[in-house]
Amino acid sequence: MPGPLSDLTVIDLSRVLAGPYATMVLADLGARVIKVERPDGGDDARHYGPFIKGHSAYFASINRGKQSIALDLKSPQDRLIFEALLEKADVLIENYRPGVMARLGYGWEVLAARYPRLIHAATSGFGQTGPDSQKAAYDMVVQAMGGIMSVTGHPGGPPTRVGTSVGDITAGLFTVIGIMTALHDRDRTGKGQFVDVAMLDGQIAILENAIARYAATGQSPGPLGARHPSITPFAAYQCADAPMVIAAGNDQLFEALRKALGLPTDPRFASNDARTTHAEELSTALEAVLQTQPVGHWLPKLEAAGVPCGPLNNIGQALANPQVKARNMVVHTALPDGTPLIAAGNPIKLSAHADPATRAPAPDLDADRAAILKELGL
């Protein structure tokens, strides 16, 4: 797909989600991504549901617009092909455990000597250093270890995983940032470098307010449901038919909310700190009014008052939202056999480049072998 990165070639040795999510973002921005897969079944995600006509919709949504070649990196013949690809590549991405690339003969020292302009990005569970570097990890493991599950869910409830694979996706996004940073540095120095991104590191990096609260109090915060720990009202509130979200992030917005709902002034709610201290009392006062009318009544009333608010959408409702559609955030792609599939669009909108409503399909395993070998003269 044309785009600002259309002069880049990315060799993608990664599988499942963190690495493939990073290469999906790069492909959406125009990079050529050649997915190197195992001959015996390819990327594990090809075998994850849901399935449509025998093809993984999960795999197709993350690997759209890429090419596929199956290589056994222990085979001398396939190693020659892989090395020919590296000669053309700007970026190599992999998510093996630390040490695997070195055992295959493609450790960073070897790659840097043979391909001095190459960016080698390694996305792993725990990074290349530290006592846990050799441990295996999946999204669930780093969500648990990184603390995010301890602040997710409702007080007194069971451990709750964030509803998407935030461990993988965060690592994938940080990998893209690392790659783009290394490419910028290469423009100045002429040399590539090694990018080391750990899923666990990413979970620590996004703890945000939780770290600030721990630093201030010495106490580990717990889950609060939908409520924000230090801004009030900033939660989901029940109306007559369903919940809606209200986020009044300062005193002026709360005053607009108070007037729109016809609430009396109350010293307990005079400042954000006071409202946070009396969050339960404020919730009771708000819902006493909100529950007299449905969400459809309150949304336009609060929006007219300038109060940030919104409905609590399910996935179907979110994808059907006119704002989401207007931003081209639901794009059309296809399974390898051409069966249509919708997927999330690219949230990065650039003034100098188009944001197409369609994306090329995900490839079948080894689908591009003949074309790639011809291009390489092999």
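What this report covers is the structure whose coordinates are included nearby.

About the cut-offs
Per-chain numbering applies: the sequence of each chain, read as written, is numbered from 1 onward. Where local features are concerned, this predicted model is filtered to residues with pLDDT of at least 70; where side-chain atom pairs are given and counted, the filter is 80 or more; whole-chain, interface and lining totals use all residues. Heavy atoms from the whole structure form the basis of all side-chain values; hydrogens and water molecules are not counted. Helix numbering and strand numbering both begin at the N terminus, where a helix is a DSSP run of H or I of at least 4 residues and a strand a DSSP run of E of at least 2. Residue-level accessible areas treat just the shown protein chains as cover; the underlying method is Shrake-Rupley with a 1.4 Å probe. Partly exposed residues are those whose accessible area sits between 20% and 50% of the maximum for their type, while under 20% is buried and over 50% is exposed, using a 1.4 Å probe and protein chains only. It is the directions from the helix axis to the C-beta atoms that the arc portrays. A contact between two residues is defined here by any heavy atoms of the two lying within 4.5 Å. In protein, a polar contact means a hydrogen-donor-capable atom and an acceptor-capable atom, both N or O and within 3.5 Å, with residues adjacent in sequence counting only if both atoms are side-chain atoms; elsewhere, any N or O pair within 3.5 Å suffices. Throughout this description, the term nonpolar core refers to a set of buried Ala, Val, Leu, Ile, Met, Phe, Trp, Tyr and Cys residues connected via side-chain atoms within 4.5 Å. The definition used for a disulfide is geometric: two cysteine sulfur atoms within 2.5 Å. Patches here are clusters of residues that have more than 30% relative accessible area and form no salt bridge, with a 9 Å joining cutoff for like charges and a 5 Å cutoff for nonpolar side chains (Val, Leu, Ile, Met, Phe, Trp, Tyr). Salt bridge criterion: a side-chain nitrogen from Lys or Arg within 4 Å of a carboxyl oxygen from Asp or Glu. Working definition: a ring pair exists when centres of Phe, Tyr or Trp rings (six-membered ring for Trp) sit within 6.5 Å. Plane angles under 30 degrees give stacked, over 60 give edge-to-face, the rest tilted. DSSP bridges decide pairing: two strands pair if at least two such bridges lie between them. Helix axes are fitted only over the stretch in contact, all axes being lines through C-alpha atoms; the angle between N-to-C directions runs from 0 to 180 degrees. By convention a crossover is right-handed if, when the strands point away from the viewer, the path from the first strand over the helix to the second runs clockwise. Should an angle fall under 35 degrees it is taken as roughly parallel, and over 145 as roughly antiparallel, whereas 65 to 115 is taken as roughly perpendicular and any remaining angle as oblique. Helix crossings get a hand from a simple test, with the near helix turned counterclockwise from the far one by less than a right angle marking a left-handed crossing and a clockwise turn marking a right-handed one. Each residue receives one of three labels: charged for Asp, Glu, Lys and Arg, nonpolar for Ala, Val, Leu, Ile, Met, Phe, Trp, Tyr, Cys and Pro, and polar for the others, Gly being one of them.

## Some thoughts on the overall build of the protein
Within the protein one finds 16 helices and 13 strands. Counting only C-alpha atoms, the protein reaches 80 × 45 × 40 Å along its principal axes. For the protein, the exposed surface amounts to about 18400 Å²; the carbon and sulfur share of it is 58%.

## Considering helix H10 (residues 251–261)
Of the residues making up H10, those classed as buried are Phe254, Leu257, Arg258, Ala260 and Leu261. For H10, the angular spread of buried residues about the axis comes to 165°, placing them on one side. Along H10, the residues that are exposed and aim more than 90 degrees away from the buried face are Gln252 and Lys259. If you follow the buried residues of H10, they end up packed against strand E10 (243–247), helix H11 (272–277), helix H12 (279–290) and helix H13 (295–304). A distance of 3.1 Å separates the backbone nitrogen of Gln252 from a side-chain oxygen at the start of H10, and that oxygen is part of Asn250.

## Things to note about the nonpolar core
Core analysis: the biggest nonpolar cluster contains 31 residues, and Val10, Leu26, Val91, Ile93 and Ile179 have the highest contact counts within it. Residue assignment for this core shows that the elements contributing at least two residues are helix H1 (18–28), strand E6 (91–94), strand E7 (119–124), helix H7 (166–189), strand E8 (194–198) and helix H8 (199–205). In this view, Ile179 contacts Leu26, Val91, Ile93, Ala121 and Val195; residues no more than four positions away in its chain are not counted. Listed in part, the 25 residues of the second largest apolar core include Leu13, Leu85, Tyr106 and Leu111.

## Some remarks on the state of the cysteines
By the definition in use, this model includes zero disulfides. Considering cysteine sulfurs only, Cys309 is the nearest to Cys239, which forms no disulfide, with 9.4 Å between them. Looking at Cys309, the relative accessible area reads 22%, which means it is partly exposed.

## Considerations on a nonpolar patch on the surface
Among the surface-exposed residues, Tyr138, Val141 and Met145 lie close enough to one another that they form a single nonpolar patch of about 290 Å² accessible area. Checked against the element boundaries, Tyr138 lands in the loop between E7 and helix H6 (139–145). By relative accessible area, Tyr138 is classed as exposed at 52%.

## Examining the packing of aromatic side chains
Scanning all chains against the criterion turns up three aromatic pairs. Ring centres 6.0 Å apart and planes at 40° place the aromatic pair Trp108 and Phe194 in the tilted group. On the criterion of sequence distance, the pair formed by Trp108 in helix H5 (residues 108–114) and Phe194 in strand E8 is long-range, its members being 86 residues apart. Taking relative accessible area as the criterion, Phe194 reaches 26% and is therefore assigned partly exposed.

## Quick word on the pattern of salt bridges
Using the criterion set out here, one finds 19 salt bridges in the structure. Here Asp132 ties to Lys135 by a salt bridge, and the two come within 3.0 Å at their closest N and O atoms. Residue classification places Asp132 among the partly exposed residues on the basis of a relative accessible area of 22%. Classification of Lys135 by relative accessible area gives partly exposed; the value is 47%. Between Arg268 and Asp266 there is a salt bridge whose closest N-O contact spans 2.8 Å. Overall, Arg268 belongs to the partly exposed group, its relative accessible area being 35%. Take Asp266: its relative accessible area is 21%, and that puts it in the partly exposed class. Through salt bridges that share partners, Asp28, Arg64, Lys349, Asp355 and Arg359 make up one connected network.

## Re the sheet that holds E6
The strand order across the open sheet built from six strands is E5-E2-E1-E6-E7-E8, with neighbouring strands paired in parallel fashion. The two strands at the open ends of the sheet, each matched to only one other strand, are strand E5 (67–70) and E8. With strand direction ignored, the average angle separating the axes of adjacent strands in the sheet is 20°. Taken together, the four bridges between strand E1 (residues 9–12) and strand E2 (residues 32–37) define a ladder with parallel strand orientation. When the sheet's bridge partners are listed, Thr9 is paired in E2 with Arg32. Its contacts with the sheet place H1 against E1, E2, E6 and E7, and it is angled at close to 160° to E1.

## Focus on the pairing of E2
For E2, the buried fraction is high: five of the six residues fall into the buried class. Each parallel crossover has a hand, and the one from E1 via H1 to E2 is right-handed.

## Brief notes about the packing of H1 against H7
Interhelical geometry of H1 versus H7 gives an angle of 50° and a closest axis separation of 7 Å. Accordingly, the angle class assigned to the pair H1 and H7 is oblique. For the pair H1 and H7, the crossing hand works out as right-handed. Listed contacts from H7 to Ala18, Tyr21, Ala22, Val25 and Leu26 of H1 are Asp168, Ile169, Ala171, Gly172, Leu173, Thr175, Val176, Ile179 and Met180. Classifying every residue of the contact of H1 with H7 by side-chain character gives eleven nonpolar, two polar and one charged.

## What about the sheet that holds strand E9 (residues 234–238)?
The sheet built from three strands is open, its strands ordered E9-E10-E11 with antiparallel pairing. A strand with exactly one partner marks an edge of an open sheet, and here the two such strands are E9 and strand E11 (309–311). With direction set aside, neighbouring strand axes in the sheet form an average angle of 25°. Alignment of E9 against E10, held across five bridges, turns out to be antiparallel. The residue of E10 that forms the bridge with Gln238 is Pro243. Of the strands in this sheet, E10 and E11 touch H13, which is tilted by about 15° from E10.

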